[in-house]
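For reference, the chains in residue letters:
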Amino acid sequence: MDSLVCDELLQEIFQRLPPCSSSSVSLVSKRWLHLYRTSKTSLSLRLTLHNSTIPSLSTLLSHYPFLSSLSLLLPPEPTSTPVDGAGDDSPSKTTFSDDLLFLVSSSCPRLHGLRFLAGPVSRSSLVSLSTTCTHLTSLCINLSRPLFLTWLLNFPSLKELSILVCHGGEGLDHEIEANLGYGFSSNDDFYAELGIESLCISGVRTHDLGMGWLWRSCNKLRKLQLKSCESIGDGGSFSSFIKCLEGIQEVELRTCRSIVDGVLLKLAEYSHSLISLLVYDGGSREGLLRFFSHCHCKLQKLDLRLPLDLNNDHLLAASVNFRTLSSLRLQSCCLVSGDGLKALGAAMSSGLEELALINCDVVEREPGLLATLGQNFKQLRKLDLSYNEMLLDKEFISMLVSCHYLVDLNLRGCKGLTSSAMVTMSKSCKRLENVDIMYCFGIESGAVELFLLNSPKLRKVQVEETKLSDAAKTWASLKFIQVV
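Looking at an unreviewed UniProt entry, one finds the chain named F-box domain containing protein, with Trema orientale as its source organism.

Put into structure tokens, the structure is as follows:
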């Protein structure tokens, strides 16, 4: 039978197999192993810092000639003190990273996406990468200070860029000083137009030069992510930063307390195209309230993890100013009460399709709140109540009976729920496709089995294997339900 199936057909089959089946395919025969490797277009590897790493990787990559996406991660050494997982940026580590990057560029010329987190790389190795991998549209790398970013001009097709700035390297060397007028000084007149549409920057500090040039050159920016940033660059960078905000649509600010107020203020003033905002672990009540009250964009997605900064005043302002919201995600927001959520519910009853209240004790603190939200948000398609450990069946069921259009439901870590909740889910939510009930210790295996049997559109369930009876596994297989 194996000889009757041509190579092209086998490769097509391999590409359509789920990830859990891929490891078995390569064990069938040498022919299947070869065809499996040549059919792979994406590969993710976790490396170790060892003398044999580069020769071993060279041999491995030679078996995957058609890779278009590659991810390489080198975990930091135990003795290092990395920032954002960037790792050590000593000269020896940089040399190793450069050698590794040169190997990648010479072995994988078809790459469109590269995630290279194997240590900081030099400008010369990036220029070398650009001459070989001419089709790169997505790049994620570590860089050491001082930043010198004009190598980006060598990647005209680049649309997505992620830079993790390593600690150390504060001084300017003679080569950098000689090039201050070329994309390094914040006051230079050098101008370029990059095609970057999605930009993620991690670990920027107050005196990081070169950021002003980057902000000025990103006129096509649509998505911006700032992570663990104390600043957006040296003193002259802020005026340049404003220029790239006009067409921005998505912004994420994670652990950026020192700059979040200034960024939100400028977003409210200049970013009328903004449709998605995420703020995690950093902000001020006054700055947030100014943004919520004065922003004139048609915001559609709001995702906040602000345990001590978000309160009802913000939710009341959002209910007045953000009536276009289709997705609201709140995580660990301890100061929010039912009044704020009910005000949002009354204002957005017809439009909200996704609601997440993750580890928000208001869910457990105020009886009847979920029932009211369920009646207001009858168009919900996605509901996430994960890690509300004290959530009880009565409260959950009172909401669920109104949510007939749910497709995705996440109850991970809801230890207070029992099998009764599963019965209601199977009766009221016939459109469910994805369900997460991991660590719901009160839900028994019999309830899981009945749920799999009575859910006509179910495609994926996350649950402990110990709760899967033989009958449940059989039903999942017959109905093509992925159980993980």
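Asker: Got a minute to help me understand the overall build of the chain in this structure?
Answerer: Each helix and strand counted, the chain has 19 helices and 17 strands in total. When the 484 residues of the chain are sorted by exposure, 49% land in the buried category. When contacts within the chain are restricted to residue pairs at least 6 apart in sequence, long-range pairs at least 24 apart make up 73% of them. Counting only carbon and sulfur atoms, one obtains 53% of the accessible surface of the chain, whose full area is about 21900 Å².

Asker: Is there a simple way to think about empty space enclosed by the protein in this case?
Answerer: Regions of empty space are outlined by a rolling probe, equal in size to a water molecule, passed over the atoms. Inspection of the entire model under this criterion finds one cavity of 30 Å³ or more. By volume, the largest cavity is sized at about 40 Å³. Surrounding the largest cavity, D261, L264, L265, A268, G287, R290 and F291 form its lining. Where the lining of the largest cavity is concerned, the elements lending two or more residues are α10 (260-270) and α11 (285-294).

Asker: I tried to follow the packing of aromatic side chains on my own but got confused; where do I start?
Answerer: The description of an aromatic ring pair rests on the distance of the ring centres and on the angle between the ring planes. Following the criterion strictly, the structure yields five aromatic pairs and no others. Centre to centre, the rings of F291 and F292 are 6.0 Å apart; their planes meet at 70°, and the pair counts as edge-to-face. Residue F292 is classed as buried on the basis of its relative accessible area of 0%.

Asker: Could you clarify how one ought to interpret the side chain of H314 in this entry?
Answerer: With respect to the helices, strands and loops of the structure, H314 is situated in helix α12 (residues 312-321). When its relative accessible area of 1% is taken as the criterion, H314 is described as buried. Within the structure, the side chain of H314 is placed 2.9 Å from the backbone oxygen of R285, a separation counted as a polar contact. Beyond its immediate sequence surroundings of up to four residues, H314 is in contact with R285, L288, L289, F292 and D309.

Asker: Just checking my understanding: could you explain the packing of α11 against α12 for this structure?
Answerer: If you want to describe how two helices pack, look at the angle between their axes and the distance between the axes. Two elements in contact, α11 and α12, have axes separated by 8 Å at closest approach and are oriented at 15°. By the angle class used here, α11 and α12 are roughly parallel. Every pair of crossing elements has a handedness; the one defined by α11 and α12 is left-handed. In this structure, α11 contributes R285, L288, L289, F292, S293 and H294 to the contact, and α12 contributes D313, H314, A317, A318 and N321. Residues of the contact of α11 with α12, tallied by class, amount to five nonpolar, four polar and two charged.

Asker: Looking at this structure, how should I read α11?
Answerer: Among the residues of α11, those classed as buried are G287, L288, F291 and F292. Angular distribution of buried residues about the axis of α11 spans 130°; they occupy a single face of the element. Facing away from the buried side of α11 by more than 90 degrees, the exposed set consists of E286 and H294. Buried residues along α11 sit in contact with α10, β9 (276-280), β10 (301-305) and α12.

Asker: Can you walk me through the packing of α10 against α11 in this structure?
Answerer: Where α10 meets α11, the closest approach of the two axes is 9 Å, and the angle between their N-to-C directions is 10°. Comparing their axes, α11 and α10 come out roughly parallel. Only G287, L288, R290, F291 and H294 of α11 make contact with α10, whose side of the interface consists of D261, L264, L267 and A268. Grouping the amino acids of the contact of α10 with α11 by side-chain chemistry returns five nonpolar, two polar and two charged.

Asker: Help me out: how do you make sense of the confidence of the model for the chain in this one?
Answerer: Interpretation of this model should avoid reading the predicted coordinates in detail wherever pLDDT is low. The predicted model of the chain has a mean per-residue pLDDT of 86, with 86% of residues at 70 or higher. Mean pLDDT values for the elements of the chain range from 40 in helix α7 (residues 174-178) up to 98 in strand β14 (residues 408-410). Counting contacts from residues 79-88, a segment whose pLDDT is below 50, to residues more than four positions away or on other chains yields 21 contacts. Within the model, pLDDT remains below 50 along residues 169-188, and this stretch shows 39 contacts once partners closer than five positions in the same chain are excluded.

Asker: For this particular structure, what's the right way to read a positive patch on the surface?
Answerer: Among the surface-exposed residues, K301, R381, K382, R431 and K457 lie close enough to one another that they form a single positively charged patch. Here R381 lies in the loop between α15 (369-376) and β13 (382-384).

Asker: Please clarify how the pairing of strand β3 (residues 113-120) should be interpreted in this entry.
Answerer: For a regular strand, the rule is simple: side chains alternate between the two faces of the sheet. With seven of eight residues buried, β3 is to be regarded as a mostly interior element. Both β3 and strand β4 (residues 138-143) contribute to a ladder of five bridges, which runs parallel. Bridge pairing links F116 to I141 in β4. Read from β3 through helix α6 (residues 123-132) to β4, the crossover connection turns out right-handed.

Asker: Please clarify how the side chain of N312 should be interpreted in this entry.
Answerer: Along the chain, N312 turns up in helix α12. What makes N312 buried here is its relative accessible area of 18%. A polar contact of 2.4 Å, which involves the side chain of N312, links it to the side chain of S337. Beyond its immediate sequence surroundings of up to four residues, N312 is in contact with L335, V336, S337, D339 and G340.

Asker: In this structure, what is going on with the pattern of salt bridges? I would like to understand it.
Answerer: Throughout the structure, instances matching the rule amount to 13 salt bridges. In this structure, K415 engages E389 in a salt bridge whose closest nitrogen and oxygen atoms are separated by 3.8 Å. Of this pair, K415 sits in the loop between β14 and α17 (419-428) while E389 sits in the loop between β13 and α16 (393-400); the two residues are 26 residues apart in sequence, bridging distant segments of the chain. For E389, a relative accessible area of 40% translates into the label partly exposed. A salt bridge links E464 to K467, with the nearest nitrogen and oxygen atoms 3.9 Å apart. Since its relative accessible area comes to 15%, E464 is described here as buried.

Definitions and limits used
- Residues numbered from 1 in each chain as written.
- Predicted model: local features only at pLDDT ≥ 70, side-chain atom pairs only at ≥ 80, totals over all residues.
- Heavy atoms only, no water.
- Helix = DSSP H or I, 4+ residues; strand = E, 2+ residues; numbered from the N terminus.
- Buried < 20%, exposed > 50% of the residue type's maximum accessible area, 1.4 Å probe, protein only.
- Contact = heavy atoms within 4.5 Å.
- Areas by Shrake-Rupley, 256 points an atom, 1.4 Å probe, with all protein chains shown as cover.
- 1 Å grid on protein atoms, 1.4 Å probe; cavity = no way out; pocket = protein on both sides within 12 Å on 5 of 7 lines; lining within 4 Å.
- Points joined across faces, edges and corners; volume = space filled by probe spheres on them.
- Phe/Tyr/Trp six-rings, centres within 6.5 Å; stacked < 30°, edge-to-face > 60°.
- Polar contact = N/O pair within 3.5 Å; in protein donor to acceptor, adjacent residues only side chain to side chain.
- Axes fitted to C-alpha atoms, helices over the stretch in contact; angles between N-to-C directions.
- Parallel < 35°, antiparallel > 145°, perpendicular 65-115°, else oblique.
- Left-handed = near helix turned anticlockwise from the far one by under 90°.
- Nonpolar A, V, L, I, M, F, W, Y, C, P; charged D, E, K, R; others polar.
- Arc of directions from axis to C-beta.
- pLDDT = per-residue confidence, 0-100.
- Patch = residues over 30% accessible without salt bridge, like charges linked within 9 Å, V, L, I, M, F, W, Y side chains within 5 Å.
- Salt bridge = Lys/Arg side-chain N within 4 Å of Asp/Glu carboxyl O.
- Lys, Arg positive; Asp, Glu negative; His and termini not counted.
- Charge placed at Lys NZ, Arg CZ, Asp CG, Glu CD.
- Pairing = 2+ DSSP bridges.
- Right-handed = clockwise from strand over helix to strand, strands pointing away.

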